[in-house]
Amino acid sequence: MNQKIIYMDYGATTPVDKEVFMEMQPYFCNFYGNASSVSTFSLEPKMAIDKARGRVAKAINCKREEVFFTSGGTESDNWAIKGLAFAKMQSGNHIITSEIEHPAVLNTCRYLETQGFKVTYVPVDKSGILDLDYLTKSITEKTILVTIMLANNEVGSLEPIEKIGEICNKKNIVFHTDAVQAIGHINVDVQNLKVDMLSMSAHKFYGPKGIGVLYIKNGTKVDNYLHGGEQERGRRGSTENTAAIVGLGKAIEKSNLNIKDENIRLKRLRDRFLSEVLKIERTTINGDREDRLPGNANICFHGIEAETLLMALDLQGICASVGSACSAGSLEPSHVLMAMGLSEEDAKSSMRFSFGKVTSEEEINFTVKTLKKIIDNIRNV
Ligand code: PLP
């Protein structure tokens, strides 16, 4: 494949940063010892994991012992929700979440419904922002967990996590947030947000795939999810994936260092993209124009099947997405856009463009020009 790819799907995954890759490399063939062994050879990997744990703790403002490495966002969400539900089932069986969560949360909640738990799915407004009043009124004495995402993966809407944290804190309800799309892209401080648990995944912030973190605030009673050996202080069995953990640590540190400048750059590119794309007839933005993740744009091209547009862009070397990667291939319209009040037809005419480190003004210009041409062709036919 020689064609240059214009990658506009950073919400699905990001490339591994070169410096991150360099830090990971020695842990494949040189320092490959088992970090949990007692031999001297395990010292280097053990220290590397310690360093990564410290970097994560510093980035989100928590204690080292509150950081647990997992295999990614899906496992972290499963652990947080099922672990809490089963640990607290004697005191209540009610969970509150939102209609726009990622399948890692929604399907976990649906599973728990088959196990006797009751789940409330809080609606959102047309910008994808959760109805705080509805959430507050949904709380009962049986509520044991509230799980609400920090930033939505399709439309980039930023949820009122701090306010939800306050509500849960006052009522003594455990609060988990899926911060997979937010970490490394906006500042996240677990103390300010008053969250008890938080999920992240390295491949969304220029780290490797298959590695994540679940932050569990000290004192939060959560059952183990993976049962096995004594790794992660007896909370998650399985030999530590040292190289990936090192990569996650470096990636979160590096992303956080550049967050302010990168956000300014991304917002400028996104605004340019929006102002040009929205000039195309019968094109609207899904979600708020400003109040969203800096690298996210979600556009409805009314009357055009987004799948057709996606394939036409793909032929031109432009990689974007319809809905999220986790629901790609599904014939159903996006549950997020439907929850925001779009018709089924408009939801199926919507595309996500997500920008990142390598996105340039030239790429934005080329994409807009190509979009105009393709849409003209489709509409003329
Ligand atoms: N939560 C959100 C909001 C996501 O966007 C994703 C992945 O796209 C996940 C969870 C799942 O993360 P992972 O791919 O690391 O399992």
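Refer to the preceding data block for the structure.
What about helix α7 (residues 161–171)?
- Those residues of α7 not exposed but buried are I161, I164, G165, I167 and C168. The buried residues of α7 all sit within an arc of 165° when viewed along its axis, so they share a single face. Residues K163 and K170 are exposed on α7 and point more than 90 degrees away from its buried face.
- Turning to α7, the residues buried within the fold contact α6 (132–138), β5 (143–147), β6 (174–178) and α8 (190–193).
- One or two steps after α7, the chain reaches N172, where phi turns positive at roughly 60°.

Details of the site of the ligand
- Around the ligand there are 13 residues in total, and T74, D178, Q181, S201 and K204 lie nearest to it.
- The separation between an oxygen atom of the ligand and a polar side-chain atom of S201 is 2.6 Å.
- K204 places a side-chain nitrogen or oxygen 2.6 Å from an oxygen atom of the ligand.
- Isolated, the ligand exposes 390 Å² of accessible area, and the fraction of that covered by the protein chains is 88%.

Structural notes on the nonpolar core
- If you look at the biggest cluster of nonpolar residues, it comprises 62 residues, and the most contacted ones within it are F69, L135, V146, I164, I183, L198 and M200.
- Contact partners of V146, with chain neighbours within four places excluded, come to I96, L135, I164, C168, I173, V174, F175 and H176.
- Core analysis: the second largest hydrophobic core is formed by 26 residues, L266, A297, I304 and I318 among them.

So, how was this worked out
- Residues numbered from 1 in each chain as written.
- Predicted model: local features only at pLDDT ≥ 70, side-chain atom pairs only at ≥ 80, totals over all residues.
- Heavy atoms only, no water.
- Buried < 20%, exposed > 50% of the residue type's maximum accessible area, 1.4 Å probe, protein only.
- Helix = DSSP H or I, 4+ residues; strand = E, 2+ residues; numbered from the N terminus.
- Arc of directions from axis to C-beta.
- Contact = heavy atoms within 4.5 Å.
- Near = heavy atom within 4 Å.
- Polar contact = N/O pair within 3.5 Å; in protein donor to acceptor, adjacent residues only side chain to side chain.
- Areas by Shrake-Rupley, 256 points an atom, 1.4 Å probe, with all protein chains shown as cover.
- Core = buried A, V, L, I, M, F, W, Y, C linked by side-chain atoms within 4.5 Å.

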